[in-house]
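# Coordinate analysis (summary)
Each chain, letter by letter, is given below.
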Amino acid sequence: MNMRLGLTSLGLLLAGTAIAQANTVLTVANWLPPAHPLVSEVIKPLTEEIAKATNGEVTANILPAPLGPPAAHFDFAVNGVADITFGVQGYNAGRFKTTNIAELPFLGDSAEANSVAYWRVFKDKLEAAGEYKGVHVLGVFTHGPGEIFLKEGDAGATDVLKGQKMRVGGGIINEVANKLGAVSVEGPSSKSYELLSQGVADGIFFPYESVNFFKLIPQLSEGISVPGGLYNTSFYVVMNEKKWESLTPEQQKEIDSVTGEALARMAGKMWDRADAQGIEAMKGKIDVTPATKEQMAAWHEALQPIIDAKIAEVSSTGVDGQAAYDEMKAQIETVSAEMKAAQ
């Protein structure tokens with residue numbers, strides 16, 4: 001009798017151990033405040049979607065404290081310091097060239113359309129460049145179109161940026177700022193308030209969401225909305241390749257169903273909602289005016305050499321940069337029409 005009970009207990013213990021081993025817990029690194037919409041409305045829901053899609057076989061826990069600076073997070077995934085990381089490719093200067101396609105000026109006014117288009121072009125053309133070795137790419141997307149915000153200035157002048165010290169955060173906007181006569185002041189987004197309040201910067205290039213989230217509205221008086229955006233910022237979400245390969249094919253398929261285009265769309269919708277909230281918060285506090293026809297003509301002419309150079313940079317990876325750029329613009333139109341039809 002005792003032996004039978006012992007065998008039963010042992011069987012239950014082994015079964016429990018097998019179940020425990022079958023469940024995979026992924027660690028997710030985070031460098032933003034928990035309240036930031038990228039965390040609360042994208043990364044956290046993503047962890048819930050992964051658990052739901054895999055029926056709890058794979059769960060993902062967001063780490064409570066940053067493992068290091070934002071720029072280190074891609075390598076955290078490559079080296080397995082964390083299983084899943086997210087970040088901005090532009091924080092790793094010179095490492096990612098294909099992101100140019102999503103960051104160029106005048107692409108589109110919706111983060112959702114831009115992000116879904118970006119993912120489609122990434123899978124169709126850009127992934128072949130091999131820039132993401134060591135990781136499985138769960139998603140790429142962009143924030144909302146980057147606009148111009150100033151402490152003061154003639155918002156209608158074609159040379160409104162001449163001599164203005166503008167905070168930039170990396171990527172193509174550095175070159176755009178300099179080409180339009182501004183003086184670039186580099187610094188992370190978390191230091192934006194300090195740079196503006198101390199007079200180190202006269203203005204900033206940001207989407208509406210960021211001006212609001214980082215509480216910069218009291219520091220600024222003028223805004224210029226640029227059709228299509230003056231720039232965009234590319235983001236990634238990636239998983240350590242070995243960890244991905246340790247999952248079963250079925251689990252991989254289930255996670256794929258809630259990442260990729262689904263993740264790009266979720267992130268894009270979040271940025272669009274956050275931008276709308278930012279615009280609302282600025283009313284009566286920042287005078288936001290559309291860029292004039294004269295400004296747009298001058299800026300298109302001034303920035304075309306940068307656009308050409310960035311497309312050539314993409315081509316240097318072995319990808320047809322012009323074809324990818326053309327497809328990006330066409331996909332933005334396609335996705336925009338899909339969004340409109342779904343309303």
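As a reminder, the structure under discussion sits directly above these lines.
Residues numbered from 1 in each chain as written. Predicted model: local features only at pLDDT ≥ 70, side-chain atom pairs only at ≥ 80, totals over all residues. Heavy atoms only, no water.

Further remarks concern the pairing of strand β2 (residues 58-62). In the sheet, strand β1 (residues 24-28) pairs with β2 via five bridges, with the strands oriented parallel. The residue of β2 that forms the bridge with L26 is A60. You can see the chain leave β1, run along helix α2 (residues 37-53) and come back into β2, and the turn it takes is right-handed. (Pairing = 2+ DSSP bridges. Helix = DSSP H or I, 4+ residues; strand = E, 2+ residues; numbered from the N terminus. Right-handed = clockwise from strand over helix to strand, strands pointing away.)

Our focus in this paragraph is the packing of aromatic side chains. Enumeration according to the criterion identifies 13 aromatic pairs in this entry. Considering the side-chain rings of F122 and Y132, the 5.6 Å spacing of their centres and the 90° angle between planes classify their relative orientation as edge-to-face. Placement of F122 in helix α5 (residues 111-124) and of Y132 in the loop between α5 and β4 (135-142) is noted, with a sequence separation of ten residues between them. For F122, a relative accessible area of 1% puts it in the buried group. The interplanar angle of 10° and the centroid separation of 5.5 Å between the aromatic rings of F141 and F235 together place this pair among those described as stacked. Of this pair, F141 sits in strand β4 while F235 sits in strand β10 (residues 234-240); the two residues are 94 residues apart in sequence, bridging distant segments of the chain. Looking at F141, the relative accessible area reads 1%, which means it is buried. (Phe/Tyr/Trp six-rings, centres within 6.5 Å; stacked < 30°, edge-to-face > 60°. Buried < 20%, exposed > 50% of the residue type's maximum accessible area, 1.4 Å probe, protein only.)

Attention shifts here to the sheet that holds strand β5 (residues 147-150). Working definition: the strands of a sheet are paired by backbone hydrogen bonds and lie parallel or antiparallel to each other. The mixed open sheet is built from six strands, whose spatial order is β7-β6-β8-β5-β9-β11. Strands with a single pairing partner mark the edges of an open sheet, and in this sheet they are β7 (183-186) and β11 (287-290). For this sheet, the mean inter-axis angle between neighbouring strands, taken without regard to orientation, is 25°. Relative to strand β9 (residues 222-225), β5 runs antiparallel, the two sharing three bridges. Within β9, the residue paired with F149 across the bridge is G223. Across the sheet, helix α6 (residues 172-179) touches β6 (165-168), β7 and β8 (203-206), and the angle it forms with β7 is around 150°. (Axes fitted to C-alpha atoms, helices over the stretch in contact; angles between N-to-C directions. Contact = heavy atoms within 4.5 Å.)

The topology assignment puts R273 in helix α11 (residues 261-282). Remark: the alpha-carbon pair of R273 and P37, spanning 236 residues in sequence, is separated by 9.6 Å.

Attention shifts here to the side chain of S210. Within the fold, S210 resides in helix α8 (residues 208-213). Judged by its relative accessible area of 6%, S210 falls in the buried class. Of note is the side chain of S210, whose polar atom sits 2.8 Å from the side chain of E209. (Polar contact = N/O pair within 3.5 Å; in protein donor to acceptor, adjacent residues only side chain to side chain.)

Along its 14 residues, α5 runs 20 Å from first to last C-alpha, staying within 8% of the 20 Å computed at 1.5 Å per residue. For α5, a buried count of twelve out of 14 residues is recorded, marking the element as mostly surrounded by other parts of the structure. Listed in full, the buried residues belonging to α5 are A111, E112, A113, N114, S115, V116, A117, Y118, W119, R120, V121 and F122. Against α4 (100-103), β4, β10, α11 and α13 (321-342) lie the buried residues of α5. At the N-terminal end of α5, a side-chain oxygen is found 3.2 Å from the backbone nitrogen of E112, two or three residues along, and the residue is S110. (Expected span 1.5 Å × (residues − 1).)

Before going further, it helps to spend a moment on unusual backbone geometry. Positive phi outside glycine occurs at N55, with the angle close to 55°. By secondary structure assignment, the location of N55 is in the loop between α2 and β2. What makes N55 exposed here is its relative accessible area of 67%.

Let's shift gears to the nonpolar core. Of all hydrophobic cores here, the largest spans 104 residues; its most connected members are Y132, I148, F205, L230 and W299. At eight residues, α5 tops the list of elements feeding residues into this core. Contacts of L230, omitting those with residues within four sequence positions, involve P105, F106, G146, I148, V176, L180, F205 and L303. (Core = buried A, V, L, I, M, F, W, Y, C linked by side-chain atoms within 4.5 Å.)

In this structure the tally under the stated criterion is 13 salt bridges. Between E48 and K44 there is a salt bridge, with the nearest N and O atoms lying 2.8 Å from each other. Placement of both E48 and K44 in helix α2 is noted, with a separation of four residues, approximately one turn of the helix. Here E48 falls in the partly exposed class, since its relative accessible area comes to 44%. The class of K44 is partly exposed, set by a relative accessible area of 43%. Linked through salt bridges whose partners overlap, the residues forming this network are E112, R120, E261, R265 and E338. (Salt bridge = Lys/Arg side-chain N within 4 Å of Asp/Glu carboxyl O.)

Functional significance is not addressed by these values, which are geometric in nature.
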